[in-house]
Amino acid sequence: MSKIDFTGRVAIVTGAGAGLGKTYALALAERGAKVVVNDLGGARDGTGSGDAAANLVAEEIKAAGGEAVPNFDTVATVEGGENIVKTAVDSFGKVDIVINNAGILRDKSFLKMDEAAWDAVIAVHLKGAYCVTRPAMKIMREQGYGRIVMTSSTSGIIGNFGQSNYGAAKMGLAGLANVLKKEGAKYNIKVNVIVPNAMTRMTEDILPAGMADAFKVENVTPVVVYMCSEQCEDTGVYIVASGTADGAMYCRSQIMTNMGQKFEGVPTPDDIAGRWGDIMNLDDARFAEEAAQLFMGQ
Ligand code: NAI
């Protein structure tokens, strides 16, 4: 297989001023991509803003001989998303790659989750992906090529105490990818999902202490770079990127559906209770999409 090369490609990485996004921006640029380094530059809870983070990463790329432009818009508004895409078009003429990576946290147990904390997290993660991806996908459709990465989380696909806003947004991104993989299919637009595990500002007090060596940001970078490449022909795939003391580890995750339990007519709740064990049994489970013919009548 040919070496992954982004010469002639234009990438937008949101939240690229720090953490995982910074590594994606540097790695894409190192392999020839022209990169829009977007970052609002605020605190972990999304308050504040500043130019320093995006500027530093763009400068680092340029100092290494690459091409980059900083952008300081928020992903959380339509205007911000459009301006991020406009920055790519004005600076480099097009958009081939979008990594929806920007993120904030406002953790609280659900009963203490006020509307402001709920709305802020949904706005950056879920609406942010809408705001940036939609104008970018219009360009990708016209050019018949695109690679989009959504960033989900185990807080969504498994659940995590105190992160109802975040978990809901992150699972929403998986659903968004499921739909966009279908809408993008005939235009060679691939939409995949990264589920990272890495020690960053966002997770330093959440991931188990003493795991910094296992949960390196560098473990996540190569699989995201692969998802952004022409070589990646899969779409709608969720990869959990993690690590052990010995190195990186990647797991594929999917929603599974069993082959179903049929009833004569409409059962009573007591009939359900009687067959609950069979309904729950996942021994014959397969990917939900493959099993969809069973429950969609296809
Ligand atoms: P980070 O806090 O180091 O980076 C997030 C970046 O997004 C920051 O530089 C921040 O300024 C930027 N940002 C925040 N709001 C923004 C907005 N409205 N517009 C533009 N930029 C904005 O965190 P990390 O860990 O690198 O997170 C990157 C992504 O990975 C996030 O979506 C996060 O939810 C996700 N993630 C990370 C995990 C981990 O283990 N580190 C686990 C699961 C998901």
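Attention in this report is confined to the structure presented alongside it. This one's a predicted model, so the numbers in the text were calculated from it and none came from an experiment.

## Here's the deal with the side chain of Lys181
The residue Lys181 is located in helix α6 (residues 164-184) in this model. Leave out the neighbours within four places in its chain, and Lys181 touches Val191, Thr235, Gly236 and Glu289.

## Looking at helix α7 (residues 217-227)
Where burial is concerned, most of α7 is hidden: eight out of the eleven residues are buried. Burial in α7 covers these residues: Val217, Asn219, Val220, Thr221, Val223, Val224, Val225 and Met227. Packing partners of the buried residues in α7 comprise α1 (19-30), β4 (97-100), β5 (146-151), β6 (189-196), β7 (238-244) and β8 (247-253).

## Overview of the nonpolar core
Where a protein is soluble and globular, its nonpolar side chains tend to be buried together. Judged by nonpolar contacts, the single largest core of 38 residues is most densely connected at Ile12, Val36, Val95, Val98, Ile148, Met150 and Val191. Every element with two or more residues in this core is listed here: β1 (10-13), α3 (78-92), α4 (115-143), β5, α6, β6 and β7. With 34 residues, the next largest nonpolar core counts Phe6, Val13, Val37 and Val225 among its residues.

## Considerations on the packing of aromatic side chains
Under the definition given, this model contains zero aromatic pairs. Note that Arg141 overlies the ring of Tyr187, its terminal NZ or CZ placed 6.0 Å from the centroid.

Procedures and definitions
- Residues numbered from 1 in each chain as written.
- Predicted model: local features only at pLDDT ≥ 70, side-chain atom pairs only at ≥ 80, totals over all residues.
- Heavy atoms only, no water.
- Helix = DSSP H or I, 4+ residues; strand = E, 2+ residues; numbered from the N terminus.
- Contact = heavy atoms within 4.5 Å.
- Buried < 20%, exposed > 50% of the residue type's maximum accessible area, 1.4 Å probe, protein only.
- Core = buried A, V, L, I, M, F, W, Y, C linked by side-chain atoms within 4.5 Å.
- Phe/Tyr/Trp six-rings, centres within 6.5 Å; stacked < 30°, edge-to-face > 60°.
- Lys NZ or Arg CZ within 6 Å of the ring centre and 35° of its normal.

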